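Listed here are the chains, written in short residue letters.
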Amino acid sequence: MRKFVPPDESAWGLPAAWWKTVHPRRGGRASPLSGPVEAPDDLPPYVRERFLRRAVIFDTSLLDRGLRHLAEMNGDPLDAAVALLIADAGRSSIESHLAGEWTARFGIEFVTRAVAEAFRLVDSGALWRVDPDATETHERLWRAEELERAYAFARTVRRELASASDDDYRAATEVIERYRTWPAGRIIASYLSPTRTDWVDADCAAMAHWRFEGRAGWELGDHRHLSGLLVMAASRPEHLDQLRGAVTLAVLGHQDPGVVATILDGVGPAATAMLADPFYRELLWLSDGSPANRHRLRPQVLRVFGATPDDDALRILLRDTLDDEHRRPGQLLRTKALTRYPVRALRMLAERDDPISRDLFGGLVLTEPRLVLHLPPEIRERAAEVLSSGGAGIGTGWAAIIDTNDRRRPLDSADDVKQAVGALAEIPTAEAFGLLVDRVDRRYFRPALLAAAKRDPALAAQVLADRAQDSGTPDPTIAELLRDHLLAYPGCGTGLDSPVLAVTGGPEPVDPVVFDREPERRVLLPVWLIPAKLPAVTVRDSGVPLTPRAVRRLCEFVALSKLTVARPEIAEVLDVCDRGDLAALAWAIFEQWRAAGYPPRSPLAMAGLAAFGDDTTVPALTALFPDWVTTAGRILTGMDVLAAIGSDLALTHLYRLSRKARTAGIRGQAEERLGTVAVDRGLRPDELADRIVPDLGLDADGRARLDYGPRQFTVGFDEQLQPWVADADGRRLARLPRPSTGDDPELAPAAQRRFIEMRKEARAVTGDRIRAVETAMATGRRWTVAEFRAFFLEHPLMWHLAHRLLWVAYPPGTAPDGVVFRVAEDRTFADIDDKSWELPDDAVVGVAHPWHFADDRRAWGQVFLDYAIIQPFPQIERELIAPSDVDPAAMTGAAIDGRKLFVLTSRGWRFGGHHASVVRDWPPASAQISFTPGYHWQDGDAEKTLTGVSGLDGLDPIGYSEVIRDLRYLTT
């Protein structure tokens, strides 16, 4: 056995991203350097355009020096300082460009003098003063911009100095020392050269005693606003103590991780005790943002404390997470401090006497007993007691607080509950596993139990078997857990007095060739999956089931697949195996994932539904969406599954989500997936819309049964698509009765809600489809006979619409204007003489336009009048306009009601460029109606003036008639 080596408890655990934001110091942690970059050629004109527009009076001599330096890059540090300040803040990172350029040209001493001169200018305000005649000024904003620019440049120079050669660093330090003649200059010097601890000592001690005399109202460049730089020069806890209450946050930013990392880099782990002080909590934005929780640290800050190798840091972490009224054990565990510094954690936990600390202590000892040898004697004795007792009582603290949380909420969040359950599951004792078993039906416990069972299958099997025997009549849940566990880990059943699961009878299982392929990488199936429990999958041709090995390989193929890109083997599996069996297997995998509490990072279940799901999967999956309202990501993945299934039923459910989902984001995502599926299937938007018209749960006769328990009602829709209700005797009722005391308390309210939803959805569907069918009439859209029957005649809602319209068929060999017919009440077809007519299967069908039956309009009108049929939109009586009937140019200059333009967009028109026209396509041409001024949604009622109509020459007679009809609508 290898010698046990405990973790290095002096090592930092901060993420690399935090150290990358540090303000580096010589001898500390390095920060990436930026190489020299030439200043942009267009800088001087850019400066004149923005900086010089300020309503101020410039010191022209200084301003000219700065502009000249930007143009010529001379070697005067004061000129460079002015150039830095007038290089407008709108240009990002210009200070890095200038620092690189100046260092390359003139050396580090020049750059150091330039930054000192820049702060002298900011402090003195010598570059400009406010124009007393200006009507408006933004002096504080402008001064703040210059302070921000100087500070950003100083940070760049500090980075350069940290990596400079010893000679360059010594020379730069001598230069900056000359500027330590006023408080702000001293602060800048200490910030740039924090290794000069004599400077830092003196400045930290003097900070609280410095006074300020001078300008009132915009003091943004003085020592008070620069004082925050001293916390990033500090190298000892005493420095932070001296600065407490004496510095401001002006240059420290909001929740800047680089500031905290810089303090830790300079002072070391001991800085954490000072950072927890109320003053520094507020100064550095370390506290929780909500007013009720200002006394506790933010989660990001807790992670810093958990990654700092210091006793006080861990004490503060434990106190902040476990001693508050609303405890946050999840935040404690997420810092990983207890596993990063286990010996220190045991020492700190031993100082505490609360139940959670005792469980944490015992869990660490039981998980890694070899840590005991590295503990102090007094703590080692306590750890030995835990080991000698077999961990007796360890875990009861977690169980108690989780149980109490159901009543009094001592835990801060759901994540804290989840992490607490996980911590209980980490305790490797039979007693702790039993506590999981006792609560397995509660949230988060089943996944934790499965993870614990995987770590020690034998222990789990013994505990479950004992529970099954102790209860006399086995609890169904425990029996299921034991059975599933023995299926997942067959070797654990040896010697247990429990039922043995066996499969007998049936044909000998087979392994088709596709399952002989080894995946290119090893696949670890999730712990919650029990392949032996999955339903049988049979070979399509023979009906012989797959072997357990083949089923496991099938699961591996699915695990390697993505929702949108399945493994090549999946297509072969679909060819070889029964597709209904595959859909059932995919749903069984999903149900195991669901029973485990939807463990994250387990795409297998959804990938299986995407690969093998069918129309039986769709309603079962979407029925769960309301329960997932707080987990939008799962709903989005579910919509991806629907898109992958891609059947008309799946698209219908996607369409419902696009219309009825609670949030605009989910509705938009559903629309996006609908569009993607349409493209994949080669469907136009109107073709897709035909396929996703919901049937509202109606049967083939257009009826649905509502069950109140003792009473039943039938609902349907008339030809006006208005709902009707009938009782069990067929008698029509004025409305659906309300549930009464004699009705089933669950069935009756559910039936009433279903009726309300059906009525609401029918209204929406009716409006959409009427507009779509009218557009189809105007644009000459056609359907095959099979499509016409599926989308209209056989649809429980759409056939009412079909019955109220005239249709035109184009059998092969007929006249160009086709054969006009109607759909009778019995869903047969009739001609103008009301005689039965057969629709040939090889015809194409469209909605008849008056142009198709111009000579028979009166006769068709009489037929519809005789049958009292009310058309959903003007068809028989629709205006029919020929080019000889109107002069479009004569309408130019007519007034247009702006609201009518918006109405046209629902009739197939769309706004053109700059919303100064509306356009509609009639292949192969497009018509355009132009107007002025352009349409704006904020002033939609504003009157417009028609400026012209174009594109009429390329239209067929129907298109011409429709454009003029809409034009008349606009201008009348």
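About the criteria used
- Residues numbered from 1 in each chain as written.
- Predicted model: local features only at pLDDT ≥ 70, side-chain atom pairs only at ≥ 80, totals over all residues.
- Heavy atoms only, no water.
- Helix = DSSP H or I, 4+ residues; strand = E, 2+ residues; numbered from the N terminus.
- Rg over C-alpha atoms; globule rule 2.2 N^0.38 Å.
- Buried < 20%, exposed > 50% of the residue type's maximum accessible area, 1.4 Å probe, protein only.
- Contact = heavy atoms within 4.5 Å.
- Areas by Shrake-Rupley, 256 points an atom, 1.4 Å probe, with all protein chains shown as cover.
- Lys, Arg positive; Asp, Glu negative; His and termini not counted.
- Charge placed at Lys NZ, Arg CZ, Asp CG, Glu CD.
- Axes fitted to C-alpha atoms, helices over the stretch in contact; angles between N-to-C directions.
- Parallel < 35°, antiparallel > 145°, perpendicular 65-115°, else oblique.
- Left-handed = near helix turned anticlockwise from the far one by under 90°.
- Nonpolar A, V, L, I, M, F, W, Y, C, P; charged D, E, K, R; others polar.
- Patch = residues over 30% accessible without salt bridge, like charges linked within 9 Å, V, L, I, M, F, W, Y side chains within 5 Å.
- Salt bridge = Lys/Arg side-chain N within 4 Å of Asp/Glu carboxyl O.
- Expected span 1.5 Å × (residues − 1).
- Pairing = 2+ DSSP bridges.
- Phe/Tyr/Trp six-rings, centres within 6.5 Å; stacked < 30°, edge-to-face > 60°.
- Lys NZ or Arg CZ within 6 Å of the ring centre and 35° of its normal.
- 1 Å grid on protein atoms, 1.4 Å probe; cavity = no way out; pocket = protein on both sides within 12 Å on 5 of 7 lines; lining within 4 Å.
- Points joined across faces, edges and corners; volume = space filled by probe spheres on them.
- Arc of directions from axis to C-beta.
- pLDDT = per-residue confidence, 0-100.
- Polar contact = N/O pair within 3.5 Å; in protein donor to acceptor, adjacent residues only side chain to side chain.

- The name given to the protein in an unreviewed UniProt entry is DUF4132 domain-containing protein, with the source organism recorded as Actinoplanes couchii.

### Focus: the overall build of the protein
Here comes step 1: Helices and strands together make up the secondary structure of the protein, namely 43 helices and 16 strands.
Here comes step 2: Against the globule reference of 30 Å for 972 residues, the protein gives a C-alpha radius of gyration of 39 Å, more extended than a compact globule.
Here comes step 3: Projecting the C-alpha coordinates of the protein onto the three principal axes gives extents of approximately 110 × 95 × 60 Å.
Here comes step 4: Taking all 972 residues of the protein together, 50% fall into the buried category.
Here comes step 5: Excluding contacts between residues fewer than 6 apart, the proportion of contacts in the protein whose partners are at least 24 apart in sequence is 68%.
Here comes step 6: Element-wise, carbon and sulfur atoms account for 51% of the exposed surface of the protein, whose accessible area totals about 45,500 Å².
Here comes step 7: Side-chain charges in the protein split into 119 positive and 140 negative, and the spacing between the mean points of these groups amounts to 3 Å.

### Here we look at the packing of helix α26 (residues 445–455) against helix α28 (residues 476–488)
Here comes step 1: At a closest axis distance of 12 Å, the pairing of α26 and α28 adopts a crossing angle of 40 degrees. On the basis of the axis angle, α26 is oblique to α28. Crossing angle aside, the handedness with which α26 passes α28 is right-handed. Contacts from Arg446, Leu449 and Ala453 of α26 reach α28 at Thr477, Glu480, Leu481 and His485.
Here comes step 2: Its residues assigned to classes, the contact of α26 with α28 comprises 3 nonpolar, 2 polar and 2 charged.

### Re a negative patch on the surface
Here comes step 1: On the surface, Glu109, Asp168, Glu174 and Glu177 cluster together to form a negatively charged patch.
Here comes step 2: Positionally, Glu109 belongs in helix α6 (residues 108–124).

### Remarks on the pattern of salt bridges
Here comes step 1: A full pass over the atoms with the stated rule returns 61 salt bridges.
Here comes step 2: Residue Arg681 is joined to Asp648 by a salt bridge in which the shortest nitrogen-to-oxygen separation is 3.2 Å. Pair noted here: Arg681 is in the loop between α36 (664–680) and α37 (685–691) and Asp648 is in helix α35 (residues 648–660), with a separation of 33 residues, a long-range link.
Here comes step 3: Residue classification places Asp648 among the partly exposed positions, given a relative accessible area of 32%.
Here comes step 4: Between Arg656 and Glu761 there is a salt bridge, with its nearest N and O atoms 3.5 Å apart.

### Looking at the packing of helix α27 (residues 457–470) against α28
Here comes step 1: Across the interface, α27 lies against α28 with an axial gap of 9 Å and an inter-helix angle of 150 degrees. Where α27 crosses over α28, the handedness of that crossing is left-handed. Only Ile478, Leu481, Leu482 and His485 of α28 make contact with α27, whose side of the interface consists of Pro457, Ala460, Ala461, Leu464, Ala465, Arg467 and Ala468.
Here comes step 2: Among the residues forming the contact of α27 with α28, the class breakdown is 9 nonpolar, 1 polar and 1 charged.

### Things to note about α27
Here comes step 1: Here α27 is 14 residues long and its end C-alpha atoms lie 20 Å apart, about the 20 Å a rise of 1.5 Å per residue gives.
Here comes step 2: Turning to α27, its buried residues number three or more, namely Pro457, Ala460, Ala461, Val463, Leu464, Ala465 and Ala468.
Here comes step 3: On its buried side, α27 packs onto α25 (430–438), α26 and α28.

### Things to note about the pairing of strand β5 (residues 723–726)
Here comes step 1: Strand direction decides the pairing type here: strand β4 (residues 712–717) and β5, joined by 4 bridges, are antiparallel. By the bridge assignment, Phe717 is partnered in β5 with Pro723.
Here comes step 2: Here β4 folds back onto β5, and the loop between the two strands holds 5 residues, one of which, Leu721, carries a positive phi near 60 degrees.
Here comes step 3: Bridge count for β5 against strand β6 (residues 732–733) is 2 bridges, and the pairing is antiparallel. Opposite Ala726, over in β6, you have Arg732 as the bridge partner.

### Thoughts on the packing of aromatic side chains
Here comes step 1: This structure, assessed with the given rule, holds 26 aromatic pairs.
Here comes step 2: Three or more aromatic residues link up through ring pairs in this structure, and these residues are Trp783, Phe788, Phe792, Trp807, Phe821, Phe829 and Trp837.
Here comes step 3: Above the plane of the ring of Tyr598 lies Arg634, whose end atom (NZ or CZ) is 3.9 Å from the centre.
Here comes step 4: Between the NZ or CZ atom of Arg822 and the centre of the ring of Tyr867, over which it lies, the distance is 4.4 Å.

### Focus on the layout of surface pockets
Here comes step 1: In this structure, the second largest pocket encloses a volume near 880 Å³.
Here comes step 2: Listed by contribution, the elements that provide at least two residues to the lining of the second largest pocket are α34 (632–645), α35 and α38 (747–779).
Here comes step 3: Looking at which element gives the most residues to the lining of the second largest pocket, the answer is α38, with 5 residues.
Here comes step 4: Per-class residue counts for the lining of the second largest pocket are 11 nonpolar, 4 polar and 7 charged.

### What to know about helix α22 (residues 377–388)
Here comes step 1: Taking 1.5 Å per residue, 12 residues should reach 16 Å; α22 reaches 16 Å between its end C-alpha atoms and fits that length.
Here comes step 2: Buried within α22 we find Ile379, Ala383 and Val386. Seen end-on, α22 carries its buried residues on one side only, within an arc spanning 50 degrees. Turned more than 90 degrees off the buried face of α22, the exposed positions are Pro377, Glu378, Glu381 and Ser388.
Here comes step 3: Looking at the buried residues of α22, the elements they touch are α20 (342–350) and α21 (355–367).
Here comes step 4: One or two steps after α22, the chain reaches Gly390, where phi turns positive at roughly 70 degrees.

### A closer look at the sheet that holds strand β9 (residues 819–823)
Note: strands within a sheet are paired through backbone hydrogen bonds, in either parallel or antiparallel orientation.
Here comes step 1: In spatial order, the strands read β7-β11-β8-β9-β10; together these 5 strands make up an open sheet with antiparallel pairing. Looking along the sheet, the strands with just one partner apiece sit at the ends: β7 (783–784) and β10 (829–830).
Here comes step 2: Pairing between strand β8 (residues 806–810) and β9: 4 bridges, direction antiparallel. Its bridge partner being in β9, Ala809 is matched across the sheet by Val819.
Here comes step 3: Packing of helix α41 (residues 857–866) onto the sheet brings it into contact with β8, β9 and β10, and relative to β9 it is tilted by some 5 degrees.

### A closer look at the confidence of the model for the protein
Here comes step 1: Per-chain confidence: the protein averages 87 in pLDDT, with 93% of residues scoring 70 or above.
Here comes step 2: Low pLDDT, under 50, characterises residues 33–46; the stretch is placed with 26 contacts to residues that sit more than four places away or in other chains.

### Details of the side chain of Arg446
Here comes step 1: Its location among the elements puts Arg446 in helix α26.
Here comes step 2: One buried charge, Arg446, has no salt-bridge partner; the nearest side chain with opposite charge is Asp441, at 4.2 Å.
Here comes step 3: Here the side chain of Arg446 touches Ala595 through a polar contact of 3.2 Å, landing on its backbone oxygen.
Here comes step 4: Excluding residues that lie within four positions of it along the chain, Arg446 makes contacts with Val440, Asp441, Thr477, Glu480, Leu481, Ala595 and Ala596.

### Remarks on the environment of Ile832
Here comes step 1: Of note, Ile832 is situated in the loop between β10 and β11 (844–847).
Here comes step 2: Residue Ile832 is classed as partly exposed on the basis of its relative accessible area of 28%.
Here comes step 3: Sequence-wise, Ile832 and Phe788 are 44 residues apart; in three dimensions their C-alpha atoms are separated by 20 Å.
Here comes step 4: Not counting the four nearest positions on each side in its chain, Ile832 is found in contact with Asp856, Ala859, Trp860 and Val863.

### Topic: the environment of Val558
Here comes step 1: Assignment of secondary structure puts Val558 in helix α29 (residues 548–559).
Here comes step 2: Taking the C-alpha atoms as reference points, Val558 and Gly608, 50 residues apart in sequence, are found 5.8 Å from one another.
Here comes step 3: Each residue touching Val558, except ones within four places of it in the same chain, is listed here: Ile570, Leu604, Ala607, Gly608 and Phe612.

### With respect to unusual backbone geometry
Here comes step 1: A cis geometry characterises the amide bond from Thr932 onward to Pro933, with omega recorded as -10 degrees.
Here comes step 2: Within the secondary structure, Pro933 is located in the loop between β15 (925–932) and β16 (944–950).
Here comes step 3: Positive phi outside glycine occurs at Gln255, with the angle close to 55 degrees.
Here comes step 4: In this structure Gln255 comes out as partly exposed when scored by relative accessible area, which is 34%.
Here comes step 5: At Tyr598, a residue that is not glycine, the phi angle is positive and equals roughly 55 degrees.
Here comes step 6: For Tyr598, the location among the structural elements is in the loop between α31 (579–595) and α32 (604–612).
Here comes step 7: For Tyr598, a relative accessible area of 16% translates into the label buried.

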